[in-house]
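Here's the letter readout for the chains.
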Amino acid sequence: MTIGSPSRLARPTSRKGSTSDDSRSRWDEVSVSTLVPKMRTEELRAYFGQAEVLKGISLPIAEKQVTAVIGPSGCGKSTFVRCLNRMHEVVPGARAVGRVLLDKQDIYQGDVDAVRVRRRVGMVFQKPNPFPTMSIRDNVLAGLRLNGERPDDPDAVVEKMLQRVALWDEVKDILGRAGTGLSGGQQQRLCIARSLALEPEVLLMDEPCSALDPIATARVEELIHDLRKTYTIVIVTHNMQQAARVANFTAFFYLGKLIEHDRTDVIFTRPKEQRTEDYITGRFG
Amino acid sequence: MFSRYARRKYTDVVVRAACVAAAVLALVPLVSVLYYVTSRGIGGISLAFFSELPKPVGESGGGMANAIVGSCKLVFLACLFGVPPGVLAGVYLAEFGHSRFGKWVRFSADVMSGLPSITVGIFVYSLVVLQTKHFSAFAGGVALGVLMLPTVTRTTEELLRLVPESLREAALGLGIPKWRATLRVMLRTAAPGIATGVMLAVARVAGESAPLLFTAFSNPFWSSGVNEPTASLPVNIYNYAVSPYEEWHRQAWAAALVLLVLVLLLNVSARLLVRSRVGTR
């Protein structure tokens, strides 16, 4: 099982880094200074009760790119992505202040409906969570149906979405079976299909592979490669190799603060901050 | 060293024997009730028992068809009055029950589940019977519904709490409004368990006689609609058992057997429903 060529992996000890032709061609098109942000957070602070878990995060999210959020446990990376579609406030006692712009509109402004935000900014969770009372087919359609929409041709939607997550061939004959009967990796791809059926603009992935085995992880990572042509993706991961493999940009969080945000190859080869280098070289976290 | 080991062995045997004895002892009432009711009641069971009205005193034969139908009617009405508010109250407690008001509701539901059923009978008597000025199936249904309410409420709450939080997050993450996520995802997932809870509550109230004495009362004939006094198996058992007539005693035993079988069927099917659900997971 090879995921990406070894040259893509971080070689942080070497300050010259992986500047092989292969990786250069991949990165040439984008840079932090010229990126087009789909979303942008400004001085975003998040709280659980009295505890401040995000201490003023200002971060642009590049359009149709993959942004990885890395950092040690408890650094606020999950909280951060949950703020991007207003899922943070679902937890009792949780609140967020600051600005989160989606296409230049602040989604935390008083008159913005959180429900509408979540339709534009989809989410995939750490543990695959298909609806246990629904078949595979109904799981794909769940988002549309529970939002009161009746697609003209539901079968076409189901096929298109399952094709998009490369699950169609595996499940096309068992669409009527329970979604919970699939393997973990299949369930996670089903959940991604369920999110994509709503045609979101941004897809948030909160450690989508941490409950999966390496093969299933590889499938999901391949999928992310495909999806970034169409969607803006933010992926939280505690796996630095994964960030290096799938992300164009990487943000390093530590103790609720954004330490560094740059192109992934820069973060992993010549980080500006000592703490970033310490983390990616495994000195803590 | 050895003696300590021997003593431990000895203690183990004694305690284990005590536990087995206690378990057997607990089974004795159940088995003897089943045996006794069956042996006394089986003689009174006949086709006529299920199809005919009671005969006047002195005539032999007759049945309790009206009481069997009446019991079903009362249970149906009880579900109508008890289940929807119970389920909705359970949803409230599970979803919004962290408030002071929620604690208060939960506490009163717990108190209510310990309420003597005769008290509920008197309560509904003054609330419904005195207002409408006659006994009725409606009043009986209200009384049984009130008895079901706390069980249904707490079962619904407990089962909703058992639904993984990740499903709620999945639904909310899809941009589904909270009320719809609660009804279509959370409640839907907990539905089989809630149905079981409802069936157990039904099994409990189906055997109640005390709350029906002042509400549904009794009726030796067919009752039409819900506005007439209505016969029911438990009340008939009581009336027949305290009568001085041998024939009526026989009928009371038969009615007890029918009621027992009905309640057992409800209980067993509720449990099978749960098991089949767990099996498919």
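Because the structure is predicted, anything quoted here is derived from the model rather than measured.

### Re the overall build of chain A
- The helix and strand tally for chain A stands at 11 helices and 10 strands.
- A separation of at least 24 residues holds for 69% of the contacts in chain A among residues at least 6 apart in sequence.

### Description of the overall build of chain B
- Within chain B, the secondary structure is distributed over 11 helices and zero strands.
- Each helix and strand of chain B, placed in order from N terminus to C terminus, yields the pattern α-α-α-α-α-α-α-α-α-α-α.
- Principal-axis analysis of the C-alpha atoms places the extent of chain B at approximately 70 × 70 × 35 Å.
- By the burial criterion, 41% of the 281 residues in chain B qualify as buried.
- Contacts in chain B between residues far apart in sequence, at least 24 positions, make up 73% of those at least 6 positions apart.

### Quick word on the domain arrangement of chain B
Residue and element names in this part refer to chain B.
- Assigned domains within chain B: domain 1 (2-44) and domain 2 (47-280).
- Between the C-alpha centres of domain 1 and domain 2 the distance comes to 32 Å.
- With seven residues of domain 1 at the interface, the matching set in domain 2 holds eight residues.
- Residues belonging to the side of domain 1 that touches domain 2 are distributed by class as follows: two nonpolar, four polar and one charged.

### A word on the sheet that holds strand E6 (residues 121-124) of chain A
Residues and elements named next belong to chain A.
- Pairing in this open sheet of six strands is mixed, and the strands run E6-E7-E8-E3-E9-E10 from one edge to the other. Each edge of the open sheet is held by one strand with a lone partner, namely E6 and strand E10 (257-263). Sheet twist, expressed as the mean angle between neighbouring strand axes with direction ignored, is 20°.
- Sheet analysis places strand E3 (residues 66-70) next to strand E9 (residues 249-254), joined by four bridges and oriented parallel.

### Digging into the environment of Ser136(B)
Residues and elements named next belong to chain B.
- On the secondary structure map, Ser136 appears in the loop between helix H5 (117-132) and helix H6 (137-162).
- When the C-alpha positions of Ser136 and Asp110 are compared, they lie 28 Å apart, and in sequence the two are 26 residues distant.
- The contacts of Ser136, once residues within four sequence positions are left out, are Ala216, Val226, Asn227, Glu228 and Pro229.

### So, the environment of Glu43(A)
All names here are of chain A.
- Structurally, Glu43 is set in strand E1 (residues 37-48).
- The class of Glu43 is exposed, set by 12 C-beta atoms lying within 10 Å.
- Separated by 63 residues in sequence, Glu43 and Asp106 have C-alpha atoms that sit 12 Å apart.
- Once residues lying within four places of it in the same chain are set aside, the contact partners of Glu43 are Gly56, Ser58, Gly98 and Arg99.

### Here we look at the sheet that holds strand E2 (residues 51-62) of chain A
Residues and elements named next belong to chain A.
- What the four strands build is an open sheet, ordered E2-E1-E4-E5; its pairing is antiparallel. Looking at which strands have only one partner, the edges of the open sheet turn out to be E2 and strand E5 (105-106).
- Pairing analysis gives two bridges linking strand E4 (residues 94-102) to E5, with the strands arranged antiparallel. What sits directly across from Leu102, in E5, is Gln105.

The rules we used
Residues numbered from 1 in each chain as written. Chains lettered and ligands numbered in written order. Predicted model: local features only at pLDDT ≥ 70, side-chain atom pairs only at ≥ 80, totals over all residues. Helix = DSSP H or I, 4+ residues; strand = E, 2+ residues; numbered from the N terminus. Contact = placed C-beta atoms within 7 Å. Buried ≥ 20, exposed ≤ 12 C-beta atoms within 10 Å, placed from the backbone. Domains from an automatic or database assignment. Nonpolar A, V, L, I, M, F, W, Y, C, P; charged D, E, K, R; others polar. Pairing = 2+ DSSP bridges. Axes fitted to C-alpha atoms, helices over the stretch in contact; angles between N-to-C directions.

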